[in-house]
Amino acid sequence: MLRLENVTISQGGFLLRADFEVQQGRKTAVIGPSGAGKSTLLGALGGFLPLGGGKLWWNDVDITDATPGDRPIAMLFQDNNLFPHLSIAKNIGLGIRSDLKLTPEDHLRVEQALKRVGLVGMADRKPGELSGGQQSRAALARVLVQDRPVVLLDEPFAALGPALRHEMLDLVHDLSEEANATLLMVTHDPQDVRRIADDVIFVEGGRAAAPQPAGALLENPPPALQAYLG
Ligand code: ADP
Ligand code: MG
């Protein structure tokens with residue numbers, strides 16, 4: 001279980017509050033207007049932004065001040081940040097060791113991850129030699145090799161067309177189920193929410209609300225969510 005206890009995060013003049021729990025294995029969509037603080041929330045959970053106040057718990061462990069690498073969390077940023085000068089295998093290997101000093105077992109894990117996301121034979125290519133969908137698969141493979149119980153994806157497939165996006169969402173769904181991972185995924189598309197999410201965290205007005213069951217929330221949205229959905 002991931003617990004945000006009276007958390008505040010500030011960015012310049014912007015302040016976001018959050019106080020809730022996310023149960024292990026839940027797939028949660030993070031939605032809300034542009035600029036509401038969705039990326040801010042994920043960045044703080046990942047350890048890339050300090051908390052202004054409050055505490056972050058993983059089960060009974062205080063991870064408020066843990067470095068990103070010491071958290072039970074793998075994160076994929078909004079622009080999937082593959083390194084253009086490195087091969088796909090090396091880009092994925094970075095998820096295991098940032099100095100790329102990989103053991104034979106590590107190389108095997110990279111191979112297995114490539115296979116799982118459908119990129120067999122692509123190990124030696126550079127990101128620029130892959131399609132957009134394949135690049136997304138490579139970025140997911142880098143998350144996969146980290147083998148963390150919590151996965152944060154920030155608008156991972158926004159650049160893909162609808163058919164490819166649905167395919168990638170189904171892959172994320174299956175990978176999350178296989179690992180019993182807790183997933184927090186930012187998206188602006190209610191269809192994505194219906195396709196993948198058990199719960200929804202609505203970020204708006206300086207607050208990230210507690211997760212609510214997705215179906216019921218979309219059926220009967222409170223006024224602020226209704227306004228956002230249009
Ligand atoms: P979202 O991901 O929901 O679109 P963000 O989390 O990126 O929103 O941004 C939330 C707010 O924080 C924005 O209103 C923005 O003005 C502010 N903000 C984001 N990044 C920075 C930054 N690097 N410096 C100062 N303010 C920032
Ligand atoms: Mg964002």
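Quick word on the site of ligand 1
All residues in the neighbourhood of ligand 1 are listed as Gln11, Gly12, Phe14, Pro33, Ser34, Gly35, Ala36, Gly37, Lys38, Ser39 and Thr40. In this structure, Gln11 approaches ligand 1 through a side-chain N or O atom, which is 3.3 Å from a nitrogen atom. Between an oxygen atom of ligand 1 and a main-chain N or O atom of Ala36, the distance comes to 3.3 Å. Contact with the protein chains covers 57% of the free accessible surface of ligand 1, which is 560 Å². The greatest single-element share of the shell around ligand 1, amounting to three residues, is contributed by helix 1 (residues 38-46).

Quick notes on the layout of surface pockets
Reported here for the largest pocket is a volume of approximately 460 Å³. Considering the residues around the largest pocket, the lining is formed by 22 residues, among which Phe48, Met75, Leu94, Gly95 and Gln146 are closest to the centre. Elements with a minimum of two residues in the lining of the largest pocket: strand 6 (73-76) and helix 4 (132-146). Considering only residue class, the lining of the largest pocket consists of twelve nonpolar, six polar and four charged. Composition of the lining of the largest pocket by domain shows at least three residues from each of domain 1 (2-72 + 148-229) and domain 2 (83-146). In this structure, the second largest pocket occupies an estimated 290 Å³ of space. Along the wall of the second largest pocket there are 16 residues; nearest its centre are Leu144, Val151, Leu175, Ser176 and Ala179. Contributions of two or more residues to the lining of the second largest pocket are made by helix 4, strand 7 (150-154) and helix 5 (162-179). For the lining of the second largest pocket, the element with the highest residue contribution is helix 5, accounting for five residues. Its residues placed into classes, the lining of the second largest pocket shows eleven nonpolar, one polar and four charged.

Calculation rules
Residues numbered from 1 in each chain as written. Chains lettered and ligands numbered in written order. Predicted model: local features only at pLDDT ≥ 70, side-chain atom pairs only at ≥ 80, totals over all residues. Heavy atoms only, no water. Near = heavy atom within 4 Å. Polar contact = N/O pair within 3.5 Å; in protein donor to acceptor, adjacent residues only side chain to side chain. Areas by Shrake-Rupley, 256 points an atom, 1.4 Å probe, with all protein chains shown as cover. Helix = DSSP H or I, 4+ residues; strand = E, 2+ residues; numbered from the N terminus. 1 Å grid on protein atoms, 1.4 Å probe; cavity = no way out; pocket = protein on both sides within 12 Å on 5 of 7 lines; lining within 4 Å. Points joined across faces, edges and corners; volume = space filled by probe spheres on them. Nonpolar A, V, L, I, M, F, W, Y, C, P; charged D, E, K, R; others polar. Domains from an automatic or database assignment.

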